[in-house]
Amino acid sequence: MLDKTRSVDPQKIRNQLFINGEFVDAADGATIAVVNPHNNKELTSVAEAKAPDVDKAVAAARAAFPAWKNMNPSGRGRLIMKLADKLEDHFDELTELESLDTGHPIVDTRRLDLPRTLLNFRYFGGLADKIDGRQVPVEPGFLNVVKRQPVGVVGQIVPWNFPLMFCSWKLAPALAAGNTVVMKPSELTPLTTLRMAELMGDVGFPAGVVNILPGYGHTAGQHLAEHPDVNKISFTGSTQTGRKIVAASAGNLKRVSLELGGKGPNIVFEDATLPAAVGGSAFAIFHNQGQACIAGSRLLLQESIADEFLERFIALAESIRIGDPLDPNSEMGPLTSKLHLDRVLGFLEVCAKEGNKILTGGAQPTDPALKHGFYLRPTIVEAKPGDTVFKEEVFGPFVSVTRFRDEAHAIELANDTSYGLGSGVWTNNLQRAHRMGDAIEAGMVWINSYKRVHPGSPFGGVGQSGYGRDLGTECMNEYTEPKSIWINYDAQIPPFYSRP
Ligand code: NAD
């Protein structure tokens, strides 16, 4: 029934590589099957880029760079804004396509993924003509200006968990700053990015400014990261792949920014407003089936309220409606791939071995309508520091619970990780909130909320969560090079080697 009401047919979207403003087959004609995680059926297939296709795309981006860089910045901004309008015109189609491809419930793609994508394009479109430099007060007679210039050809590699939104996080600021781009979406979820490429052509982006290459990481991604004519790689993905990107970048010492994994501590103090903390903590981990780098995957509960909190939290987790992502009543969909589901299920075996008590979930749903999909029930397990599930990113609807005595103990547990990306604190004590905000070693701290993002606020991590920032005016530093220009405007200043 749901299929009949669909406004999108994945078979009909342009499924080739987008290079130099045209859709073309891969040089060797290879393709990748794209699977619906709800039922494990093939949705369509897309062309698979390999090294020769990457070379072609980088050459197109290089050729397009001078004109794009020298274009009136407000003209660049206007195109980016127009793209946002175009995407909005295709709201129903894009949200359905994203839900089909990723398994995100349609309620989420409609209220979060696509609105946030539009907001990003509009924010950075507006920023295109506001990337100003500065004038430095050096010695008299000299004018020193620091200009911010685009870095050149940027390679962007994104994961499968928020394909269209991450595409906007990367593309919008890079383009606003005057860079040209070769983007590699995840091999698992390329559909909305390809559809966006088609719409970019309609909007009037010059050929070569954006090139989209679905392909595998170890081939297309690796070649892009190694490419001598790429000036920068902006990467979002796992810490393990992040290390490979850094190694691959060494050849031409390209710039690199890395948004990697996380193991977000979400800390609930006894003075928190419990219903808000329970609901917020569920959103922190179960939204998007827990497939979020910033997920609040380590729940830290103050001993005095732990039992009451858990009673409510478990009841909420058990009430989450799991179902077909296209059903507007579904609150949780499948994980995005079979491989990933198996990986997450592997952590349940680890729990059995290490003695982590499973408080709820720990199994796939029994509903026969979901039996071919990659579903997992919301899972809550007890863990202590040192346990695998306390340390390692699971990237699923899977949260570990650990109790703490007091604030010092909470800080110790929160920082007992090699990651440092998202984190949350639930408290009504203002001073404690500020102390915790200072003490947690992470790129983002949310107080009495979780997972807030906005294009104006920098996003990124410390430690094994990577370096550099997406979003915020901070990310413009990632996409521009400062250039210091000195002008001698006082003929009285002698050069050091003066001769009559
Ligand atoms: P992944 O590292 O396997 O893949 C990410 C991207 O890198 C994909 O496009 C993949 O094809 C590509 N890739 C893989 N190997 C490569 C190589 N050798 N060279 C170049 N590219 C390569 O990650 P994933 O499984 O797609 O995504 C999940 C991971 O992403 C999780 O660890 C998650 O925490 C992380 N993530 C981080 C953020 C963040 O902003 N910090 C956001 C979302 C996801």
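Worth saying up front: this structure is predicted, and the values here are computed from it rather than measured.

Trainee: Sorry if this is basic, but what is going on with the packing of aromatic side chains here?
Mentor: For any pair of aromatic rings, the description consists of the separation of the ring centres together with the inter-plane angle of the planes. For the structure shown, the criterion picks out 13 aromatic pairs. Relative to Phe 404, the ring of Phe 269 has its centre 5.2 Å away and its plane inclined at 70°; by these criteria the two rings are edge-to-face. Linking Phe 269 in the loop between β12 (265-268) and α10 (274-286) with Phe 404 in strand β16 (residues 398-404), this pair joins segments that are 135 residues apart in sequence. Accessibility assignment for this pair places Phe 269 and Phe 404 in one class, buried. Through a chain of ring-to-ring contacts, three or more aromatic side chains come together here, namely Phe 162, Phe 166, Trp 169 and Phe 459. Directly above the ring of Phe 390 sits Arg 298, whose terminal nitrogen or CZ lies 4.8 Å from the centroid. Directly above the ring of Phe 269 sits Arg 432, whose terminal nitrogen or CZ lies 4.2 Å from the centroid.

Trainee: Please clarify how the pattern of salt bridges should be interpreted in this entry.
Mentor: Across all of its chains, the model carries 21 salt bridges by this definition. One salt bridge connects Asp 92 with Arg 110, and the closest N-O pair in it is separated by 2.9 Å. With Asp 92 in helix α4 (residues 91-102) and Arg 110 in helix α5 (residues 106-127), this pair connects stretches of sequence that are 18 residues apart. Residue classification places Arg 110 among the partly exposed residues on the basis of a relative accessible area of 38%. As a salt-bridge pair, Arg 255 and Glu 481 come within 3.3 Å of each other at their nearest N and O atoms.

Trainee: Which parts of the structure should I look at to understand helix α9 (residues 239-248)?
Mentor: Counting along an α-helix, one turn takes 3.6 residues, and residues three or four places apart therefore face a common direction. Every buried residue of α9 is listed here: Thr 239, Gly 242, Ile 245 and Ala 248. Buried residues along α9 sit in contact with β7 (153-157), α8 (217-226), β10 (232-236) and β11 (255-259).

Trainee: Sorry if this is basic, but what is going on with the side chain of Ser 249 here?
Mentor: Considering the arrangement of structural elements, one finds Ser 249 in the loop between α9 and β11. Taking the relative accessible area as the measure of exposure, Ser 249 reaches 6% and is therefore buried. Excluding anything up to four places from it in sequence, Ser 249 contacts Ala 225, Lys 254 and Val 256.

Trainee: Is there a simple way to think about the domain arrangement of the protein in this case?
Mentor: Interfaces are frequently sized by the accessible area removed from exposure as the parts join. For the protein, the domain assignment lists domain 1 (10-259 + 470-484) and domain 2 (265-447). Each of domain 1 and domain 2 was reduced to a C-alpha centroid, and the two centroids are 31 Å apart. Each partner contributes to the interface: domain 1 provides 24 residues, whereas domain 2 provides 30 residues. Summing both sides of the interface, domain 1 and domain 2 together bury roughly 2,000 Å²; the carbon and sulfur share of this comes to 65%. On the domain 1 side of the contact with domain 2, Pro 37, His 38 and Trp 160 bury the most area, a combined 29% of that side's loss. Inspection of the domain 1/domain 2 interface yields zero salt bridges. Inspection of the region where domain 1 meets domain 2 yields nine residue pairs in polar contact (both at pLDDT 80 or more).

Thresholds, definitions, all that
Residues numbered from 1 in each chain as written. Predicted model: local features only at pLDDT ≥ 70, side-chain atom pairs only at ≥ 80, totals over all residues. Heavy atoms only, no water. Phe/Tyr/Trp six-rings, centres within 6.5 Å; stacked < 30°, edge-to-face > 60°. Helix = DSSP H or I, 4+ residues; strand = E, 2+ residues; numbered from the N terminus. Buried < 20%, exposed > 50% of the residue type's maximum accessible area, 1.4 Å probe, protein only. Lys NZ or Arg CZ within 6 Å of the ring centre and 35° of its normal. Salt bridge = Lys/Arg side-chain N within 4 Å of Asp/Glu carboxyl O. Contact = heavy atoms within 4.5 Å. Domains from an automatic or database assignment. Buried area = accessible area lost by both parts, 1.4 Å probe. Polar contact = N/O pair within 3.5 Å; in protein donor to acceptor, adjacent residues only side chain to side chain.

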